[in-house]
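# Close look at the chain arrangement
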Amino acid sequence: MNWEPIENLRGAYKARGGDFQPSSFTMFAYAAVQALKEYPAFRSSLKGDDTIRTYDQVNLGVAVALPGDELVIAVVDGACQLSWNEFANKLRERIELARNGTDQAHEGVSVSLTNMQAHGIRDAVAVVVPPAIATVFLGEPYWGVDPAPTDQPKFQRCANLGITFDHRIINGVGAAQFQNRIKQCVETISELITLE
């Protein structure tokens with residue numbers, strides 16, 4: 001996906017200064033939440049072998065690494081009901097809680113995000129940890145070729161987006177549509193987040 005809209009918005013926050021300095025990942029997470037609002041299958045969990053429960057709200061999980069290769073999940077409950085500023089502040093608070101060793105995972109967390117940008121990983125296949133039904137992977141930014149047809153190749157900042165999902169609830173086409181919606185939200189992030 002085109003990562004330049006995220007980098008441009010992050011640059012605008014830096015240039016403006018002030019205490020509110022959300023990361024590029026926080027902006028990506030907000031874009032993912034907007035997509036999750038539209039895809040109820042990704043707000044679902046499997047109870048037993050044949051009962052699907054769909055949640056009205058988005059309870060977003062974020063994988064947080066701890067020393068010793070330990071992993072906990074930070075959770076923003078009701079993420080779809082928060083404004084941009086509320087979401088960014090809540091996510092930062094929940095990640096800090098996770099970094100202090102508090103695992104916040106619960107059965108209502110259907111999707112988790114994993115961010116490998118700081119580790120130089122461009123592509124990976126994430127694992128789904130039940131009761132979640134999907135994990136969304138974000139890779140490091142890189143220079144790639146703009147796919148728009150032109151006489152001369154044009155380079156742009158890109159980031160790879162991957163998704164692993166539970167086939168008992170979601171199939172490939174639905175997952176592709178959801179993934180494309182996240183991509184669209186990232187590429188139009190300035191419509192979702194207004195620099196105040």
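Structure report, in brief. (Residues numbered from 1 in each chain as written. Predicted model: local features only at pLDDT ≥ 70, side-chain atom pairs only at ≥ 80, totals over all residues. Heavy atoms only, no water.)

Along the protein, the regular secondary structure elements total five helices and nine strands. Each helix (α) and strand (β) of the protein, taken in turn from the N terminus, gives the series α-α-β-β-β-β-α-β-β-β-β-β-α-α. Relative to the 2.2 N^0.38 estimate, which gives 16 Å for 196 residues, the radius of gyration of the protein is 17 Å and therefore close to what a compact globule would have. Its C-alpha atoms give the protein principal-axis dimensions of roughly 55 × 40 × 35 Å. (Helix = DSSP H or I, 4+ residues; strand = E, 2+ residues; numbered from the N terminus. Rg over C-alpha atoms; globule rule 2.2 N^0.38 Å.)

Let's shift gears to empty space enclosed by the protein. Using the criterion set out here, one finds one cavity of 30 Å³ or more in the structure. There is about 40 Å³ of room inside the largest cavity. Surrounding the largest cavity, Leu36, Phe42, Arg43, Tyr55, Gln57, Val58, Asn59, Gly108, Ser110 and Val111 form its lining. Counted by class, the lining of the largest cavity contains five nonpolar, four polar and one charged residues. (1 Å grid on protein atoms, 1.4 Å probe; cavity = no way out; pocket = protein on both sides within 12 Å on 5 of 7 lines; lining within 4 Å. Points joined across faces, edges and corners; volume = space filled by probe spheres on them. Nonpolar A, V, L, I, M, F, W, Y, C, P; charged D, E, K, R; others polar.)

When you line up the elements, Arg16 lands in helix H1 (residues 4-16). A relative accessible area of 39% means that Arg16 is categorised as partly exposed. Through-space distance from the C-alpha of Arg16 to that of Ile182 is 27 Å; in sequence the pair is 166 residues apart. (Buried < 20%, exposed > 50% of the residue type's maximum accessible area, 1.4 Å probe, protein only.)

Right, let's talk about the nonpolar core for a bit. Soluble globular proteins tend to bury their nonpolar side chains together. Judged by nonpolar contacts, the single largest core of 53 residues is most densely connected at Phe28, Phe42, Leu60, Trp84, Phe87, Val136 and Ile182. If one sorts the elements of this core by residue count, helix H2 (residues 24-36) sits on top with ten residues. Excluding anything up to four places from it in sequence, Trp84 contacts Tyr13, Phe20, Pro22, Thr26, Met27, Tyr30 and Ile193. (Core = buried A, V, L, I, M, F, W, Y, C linked by side-chain atoms within 4.5 Å. Contact = heavy atoms within 4.5 Å.)

Looking now at the sheet that holds strand E3 (residues 60-66). Taken in spatial order, the five strands of this open sheet run E4-E3-E5-E6-E9, and their pairing is mixed. Strands at the two margins of the open sheet, each flanked by one partner only, are strand E4 (70-76) and strand E9 (161-165). Looking at each pair of strands side by side, their axes are set apart by 25 degrees on average, direction ignored. Two strands pair when backbone bridges link them, and strand E6 (residues 134-138) and E9 are joined in this way by five bridges, in the antiparallel orientation. Bridge assignment links Leu138 to a residue of E9, and that residue is Leu161. Against the sheet, helix H4 (residues 172-187) engages E6 and E9, with an angle of about 145 degrees to E9. (Pairing = 2+ DSSP bridges. Axes fitted to C-alpha atoms, helices over the stretch in contact; angles between N-to-C directions.)

Residue placement: Asn160 occurs in the loop between strand E8 (155-158) and E9. At 2.9 Å, the side chain of Asn160 and the side chain of Asp123 are in polar contact. Apart from residues no more than four positions distant in its own chain, Asn160 is found in contact with Arg122, Asp123, Phe137, Leu138, Gly139 and Tyr142. (Polar contact = N/O pair within 3.5 Å; in protein donor to acceptor, adjacent residues only side chain to side chain.)

Structurally, the position occupied by Gly61 is in strand E3. Overall, Gly61 belongs to the buried group, its relative accessible area being 0%. Counting along the chain gives 57 residues from Gly61 to Glu4, while the straight-line C-alpha distance between them is 25 Å. When sequence neighbours within four positions are dropped, the list of residues in contact with Gly61 reads Ile73, Ala74, Val109, Val111, Ser112 and Leu113.

Moving on to the packing of H2 against helix H3 (residues 84-99). A packed helix pair is summarised by two numbers, namely the angle formed by the two axes and the spacing between the axes. Orientation of H2 relative to H3, taken along the N-to-C sense of each, is 120 degrees, at an axis distance of 10 Å. With respect to H3, the element H2 is oriented oblique. Both H2 and H3 take part in a crossing whose hand is right-handed. Together, Thr26, Met27, Ala29, Tyr30 and Val33 of H2 and Trp84, Phe87, Ala88 and Leu91 of H3 make up the contact between the two elements. (Parallel < 35°, antiparallel > 145°, perpendicular 65-115°, else oblique. Left-handed = near helix turned anticlockwise from the far one by under 90°.)

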